[in-house]
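Overview (structure and organization)
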Amino acid sequence: MIESLNSPHIARVKALIGSRGTKERKSSGHFVAEGLQCAREALVASSGPRIETLYLTPSGRTKVEQIADLTSLNIVEVSDEVMKAMSETITPQGILAVCSIPTSSLDSIILNGTRRFVYLSEIQDPGNAGTIIRSADAFGIDAVITSPGSVDLYSPKVVRSTAGSLWHTPVFENIELATVLALGVQAFTLAAEASKSLKELKITKDCVAIFGNEARGLSTAQGTSSIEQVKISMPGNAESLNLSAAATIVMYHLANLPSS
């Protein structure tokens, strides 16, 4: 068991979650997932990021052993003090995994006429990103795609916000919108001034729902003329919806909208 607070294991984890974490994650190809929920999904999911090293306190090991066989994993046992030094949370659960970032490309998804994608353009809020991935998992979205300049989907806050859905919904980062549109998918976005409501939207082939930056929306410089605009009808008094709330409504609609 590792008990020293000078352990290189602590330094490695801290590098992945610290202020320079994005650069470290990209260069190493690894990220940190903390807590029982993420560990459970990583251990039972047939796809998604794989665990490279699983750090466990004695109590954390007891929890994880109840859900999966650990014999084939690289387990490093640590003291409660070491886990606290590694963790970003106030009360660590005693479970922290260093996972590999998947290397698959958007080309790995075969279009079949029924695919549903979400594209996030320059979104910045990790809570929004994580919640959108979680909703995408709930409503069977085939992939979540982000543009260059968007939040790092493997940052600790995003990973926590996905509540384990990162292991069920493929994500692809740093993809230009033009690349997605070049696939020939039907594209639409939300706009308050749109004349057509979301309920009137007809989907005839593989499609992508496009969401812009939380403050600026979708840039008009991205060749958006071919993108259909729809609006969410809101009979109440609120002027707008949070990005993740709007995206969740759209994904629910797509999940219950048969292809024509």
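That block above? That's the structure.
Since this is a predicted model, take the numbers as computed values, not measurements.

The next subject is the layout of surface pockets. Using a probe with the size of a water molecule, rolled over the atoms, empty space left in the structure can be pinpointed. Reported here for the largest pocket is a volume of approximately 740 Å³. The wall of the largest pocket is formed by 28 residues, among which Thr189, Leu190, Ala191, Ala192 and Gly217 lie closest to the centre. Elements with a contribution of two residues or more to the lining of the largest pocket: β8 (186-190), β9 (207-211), β10 (228-230) and α9 (243-255). Its residues assigned to classes, the lining of the largest pocket comprises 14 nonpolar, nine polar and five charged. Of the volumes computed, that of the second largest pocket is approximately 360 Å³. Taken together, 20 residues make up the lining of the second largest pocket; nearest its centre are Pro102, Thr103, Ser104, Tyr154 and Val171. At the level of secondary structure, the elements contributing two or more residues to the lining of the second largest pocket comprise α2 (21-28) and β7 (171-172). Classifying every residue of the lining of the second largest pocket gives nine nonpolar, seven polar and four charged.

A word on helix α6 (residues 126-138). Helical geometry: 3.6 residues make up each α-helical turn, so side chains three or four residues apart lie on a common side. Helix length check: α6 (13 residues) gives 18 Å between terminal C-alpha atoms against 18 Å at 1.5 Å per residue, within 8%. Those residues of α6 that fall on the buried side of the exposure criterion are Pro126, Asn128, Ala129, Gly130, Ile132, Ile133, Ser135 and Ala136. A distance of 3.0 Å separates the backbone nitrogen of Gly127 from a side-chain oxygen at the start of α6, and that oxygen is part of Asp125. A positive backbone phi angle near 70 degrees is found at Gly140, which sits one or two residues after α6.

Taken as a whole and judged by the stated rule, the model has one cavity of 30 Å³ or more. Considering the residues around the largest cavity, the lining is formed by Ile17, Val32, Ala33, Glu34, Glu88, Pro156, Val159 and Arg160.

Across the six residues of strand β2 (residues 51-56), five count as buried, placing the element largely inside the fold. With five bridges connecting them, β2 and strand β4 (residues 95-100) associate as antiparallel partners. Opposite Tyr55, over in β4, you have Leu96 as the bridge partner. Here β2 pairs with strand β3 (residues 75-77) via three bridges, running parallel. Bridging across to β3, Leu54 finds its partner in Ile75. Handedness of the β2-helix α4 (residues 58-65)-β3 crossover: right-handed.

Cut-offs applied
Residues numbered from 1 in each chain as written. Predicted model: local features only at pLDDT ≥ 70, side-chain atom pairs only at ≥ 80, totals over all residues. Heavy atoms only, no water. 1 Å grid on protein atoms, 1.4 Å probe; cavity = no way out; pocket = protein on both sides within 12 Å on 5 of 7 lines; lining within 4 Å. Points joined across faces, edges and corners; volume = space filled by probe spheres on them. Helix = DSSP H or I, 4+ residues; strand = E, 2+ residues; numbered from the N terminus. Nonpolar A, V, L, I, M, F, W, Y, C, P; charged D, E, K, R; others polar. Expected span 1.5 Å × (residues − 1). Buried < 20%, exposed > 50% of the residue type's maximum accessible area, 1.4 Å probe, protein only. Polar contact = N/O pair within 3.5 Å; in protein donor to acceptor, adjacent residues only side chain to side chain. Pairing = 2+ DSSP bridges. Right-handed = clockwise from strand over helix to strand, strands pointing away.

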